[in-house]
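The residues making up each chain are set out below.
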Amino acid sequence: MKKELSVDEIVELTRQLADVFKSIVEMRKKNELAKHIQFPKTPPILSEAICLKLLKKKIILGELKDFSFELGKDPPDILARKKFKTKNIEVKGTGKSGFQKFTKNDISCDYLIWIHFDKAFLENDFNNIHIFIVKCPSRYFDKPTNTITLPAFKKKVPDLIDETFSFTEIFGI
């Protein structure tokens, strides 16, 4: 069973990740071989927790304002419920690299939400985080993808919802 992170845990995990990125940058300055050390991927637990909080606060997907939200059992990442209706929400998270793989579950869900942190972890600045939302991604993707970059994703989904948030204001990060 997945655990729903509290706001304090979201903030702490975000700070820990920023510290990891800072450490890798410092190592790269001191040692040529450290350039081969990759930055970590965005942990799904963080992206899902942020998305869940934004949904519960009615900050994103206003069309689901009458729904309740909970972590799914994978799949989906998040379940939206209203009486006898259920919506499946899949969540992706990326940093500066901005590329993802979409599975069968990602493209067959009701909503696909991609949180793009860009350079936030590198610069420890969470004031300009993009959230991309696709309703019914199967309209654009007929099969899983190996890798798709953010620019290719944006080009493929013309009615993409693109919102920018200050997580510093929302979560105190």
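Structure: see above.
Being a predicted model, the structure only gives us computed values, none of them experimental.

Reading the values: rules and limits
Residues numbered from 1 in each chain as written. Predicted model: local features only at pLDDT ≥ 70, side-chain atom pairs only at ≥ 80, totals over all residues. Heavy atoms only, no water. Pairing = 2+ DSSP bridges. Helix = DSSP H or I, 4+ residues; strand = E, 2+ residues; numbered from the N terminus. Axes fitted to C-alpha atoms, helices over the stretch in contact; angles between N-to-C directions. Buried < 20%, exposed > 50% of the residue type's maximum accessible area, 1.4 Å probe, protein only. Expected span 1.5 Å × (residues − 1). Contact = heavy atoms within 4.5 Å. Polar contact = N/O pair within 3.5 Å; in protein donor to acceptor, adjacent residues only side chain to side chain. Parallel < 35°, antiparallel > 145°, perpendicular 65-115°, else oblique. Left-handed = near helix turned anticlockwise from the far one by under 90°. Nonpolar A, V, L, I, M, F, W, Y, C, P; charged D, E, K, R; others polar.

K.L.:
Explain the sheet that holds strand β3 (residues 85–94) to me, and be specific about the residues and the numbers.
P.N.:
Strand pairing in a sheet is mediated by backbone hydrogen bonds. Such pairs are either parallel or antiparallel. Pairing is mixed across the open sheet formed by 6 strands, whose spatial order is β1-β2-β3-β5-β6-β8. Both outer strands of the open sheet, β1 (68–71) and β8 (161–165), are each paired with one neighbouring strand and no more. The sheet shows a mean angle of 25° between the axes of neighbouring strands, direction not considered. Of the strand pairs in this sheet, strand β6 (residues 129–135) and β8 are connected by 5 bridges, and their pairing is antiparallel. If you follow I133 over to β8, its bridge partner there is I161.

K.L.:
Residue-level account of the pairing of β1, with values.
P.N.:
Alternating positions in β1 separate cleanly, F69 and L71 being buried on one face and S68 and E70 remaining unburied on the opposite face. In this sheet, strand β2 (residues 78–82) lies alongside β1 in antiparallel orientation, the contact comprising 4 bridges. Residue pairing for β2: S68 is matched across the bridge by R81. Between β1 and β2, which pair antiparallel one after the other, the connecting turn spans 6 residues, and D74 there sits at a positive phi close to 65°.

K.L.:
Explain helix α1 (residues 7–30) to me, using residue names and the numbers behind them.
P.N.:
Owing to its 3.6 residues per turn, the α-helix aligns residues three or four sequence positions apart on the same side. With 24 residues, α1 should reach 34 Å at 1.5 Å per residue; the first-to-last C-alpha distance of 35 Å fits that figure. Looking at α1, one finds that the buried residues are I10, V11, T14, L17, A18, F21 and I24. Structurally, α1 contributes buried residues whose contacts are with α2 (44–56), α4 (120–123) and α6 (167–171).

K.L.:
Could you give me a rundown of α2, with the residues and numbers involved?
P.N.:
Here α2 contains 13 residues, and its C-alpha end-to-end distance of 18 Å stays within 8% of the 18 Å for a straight helix at 1.5 Å per residue. Counting buried residues along α2, 10 of its 13 residues qualify, which places the element largely inside the surrounding structure. Positive phi shows up at K58, right after α2, with a value of about 65°.

K.L.:
Which residues make up the environment of N127, and what values do they have?
P.N.:
With respect to the helices and strands, N127 occurs in the loop between α4 and β6. Of the residues examined, N127 reaches a relative accessible area of 40% and is grouped as partly exposed. A C-alpha to C-alpha distance of 5.7 Å links N127 and F167, two positions 40 residues apart in sequence. There is a polar contact of 2.9 Å between the side chain of N127 and the side chain of S166. Polar contacts involving the side chain of N127 include one to the side chain of T168, which spans 3.1 Å.

K.L.:
Tell me about the packing of α1 against α2, and name the residues and values.
P.N.:
What describes two packed helices is the angle between their axes and the distance between those same axes. Two elements in contact, α1 and α2, have axes separated by 10 Å at closest approach and are oriented at 140°. When the axes of α1 and α2 are compared, the pair comes out oblique. Crossing of α1 over α2 shows left-handed handedness. The segment α1 lies against α2, with V7, I10, L13, T14 and L17 engaging I45, L46, A49, I50 and K53. Residue classes in the contact of α1 with α2 are distributed as 8 nonpolar, 1 polar and 1 charged.

K.L.:
Which residues make up the environment of P40, and what values do they have?
P.N.:
The residue P40 is located in the loop between α1 and α2 in this model. Among the residues examined, P40 registers a relative accessible area of 32% and is labelled partly exposed. For the pair P40 and I50, spaced 10 residues apart in sequence, the C-alpha to C-alpha distance is 18 Å. Not counting residues up to four positions away in its chain, the partners in contact with P40 are L17, V20, F21 and I24.

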